[in-house]
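Residue-level structure breakdown
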Amino acid sequence: MLTKWGPVTFLTMWKTIKAYKANDPAAKSIAEIIFLYPGLRAIAFHRLAHLLYRLRLYFLARLVSEIARFMSGIEIHPGAKIGKGVVIDHGMGVVIGETAEVSDGVLIYQGATLGGSQLNSGKRHPTIKENVIIGAGSKIIGPIIVGEGAKIGANAVVLTDVASYSNVGGVPGRVLSSNNKGASL
């Protein structure tokens, strides 16, 4: 049965490649994105690792995940759910935990962490809704929800839910502005 987090298709990866082209003015060609972008490589490996994880082949899933981390500097747990068109720009040091959910069209910059705050089983990592921008070095910790279109500033530490179209910054993260049209930072 196919779900929102179902298996990879050519169209899924093509949407991700197009998202890279749309979100990175430095990308000169589709070939450059396919062969030289570590974020795309990490997502492609994650799709395989997630499939193995869903098949309960946990060791193989983690092995694929470790290979991806070695090749890209990006660590995505095989259990994490990654939507379509997710862009990990630059990416070095990005960590996405096991129960994290990253919806379609999210843009994640280098050094961001979607981490857990508990050692119990169950939901421990954030849920990121559609079209969120996560700034470089930011930390989003715990089973919180970041609403659609929100923007998390660089180095922010977010520990509570974030309303849709809010701009968050600081340590601890606080709402700097909020509107239904998505004001910029």
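Further up the page is the structure itself.
What you see is a predicted model; the values in this text were computed from it and never measured. (Residues numbered from 1 in each chain as written. Predicted model: local features only at pLDDT ≥ 70, side-chain atom pairs only at ≥ 80, totals over all residues. Heavy atoms only, no water.)

**Examining the overall build of the protein chain**
How we decide: Working definition: helices are DSSP H or I runs of at least four residues, strands are E runs of at least two. Numbering for both runs from the N terminus. To get the radius of gyration, use the C-alpha atoms; to get the globule rule, take the number of residues to the power 0.38 and multiply by 2.2 Å. Relative accessibility thresholds used throughout: buried, under 20% of the residue-type maximum; exposed, over 50%; partly exposed, between the two (1.4 Å probe, protein chains only). Residues count as neighbours in contact if any of their non-hydrogen atoms are within 4.5 Å of one another.
Across its full length, the protein chain carries four helices and 15 strands. In summary, the protein chain has a C-alpha radius of gyration of 16 Å against a globular reference of 16 Å for 185 residues, a match within 12%. Oriented by its inertia axes, the alpha-carbon framework of the protein chain measures out at about 45 × 40 × 30 Å. Buried residues in the protein chain amount to 45% of all 185 residues. By sequence separation, contacts in the protein chain at least 24 residues apart represent 33% of the contacts at least 6 residues apart.

**So, the environment of Ala-136**
Its place among the elements puts Ala-136 in the loop between strand 9 (133-134) and strand 10 (139-141). Judged by relative accessible area, Ala-136 falls into the partly exposed class, the value being 23%. Once the C-alpha coordinates of Ala-136 and His-90 are considered, the two residues, 46 residues apart in sequence, prove to be 9.5 Å apart. With residues near it in sequence (within four places) discarded, Ala-136 still touches Tyr-109, Gln-110, Ala-154 and Asn-155.

**Notes on unusual backbone geometry**
Of the consecutive residues Val-171 and Pro-172, the connecting peptide bond is found in the cis state with omega at -10°. Along the chain, the position of Pro-172 falls in the loop between strand 14 (166-169) and strand 15 (174-178). Positive phi is not limited to glycine here, since His-90 has a value of about 65°. Relative to the assigned elements, His-90 resides in the loop between strand 3 (87-89) and strand 4 (95-96). For His-90, a relative accessible area of 56% translates into the label exposed. Positive phi, normally seen in glycine, also occurs at Asn-131, with a value near 60°. When its relative accessible area of 46% is taken as the criterion, Asn-131 is described as partly exposed.

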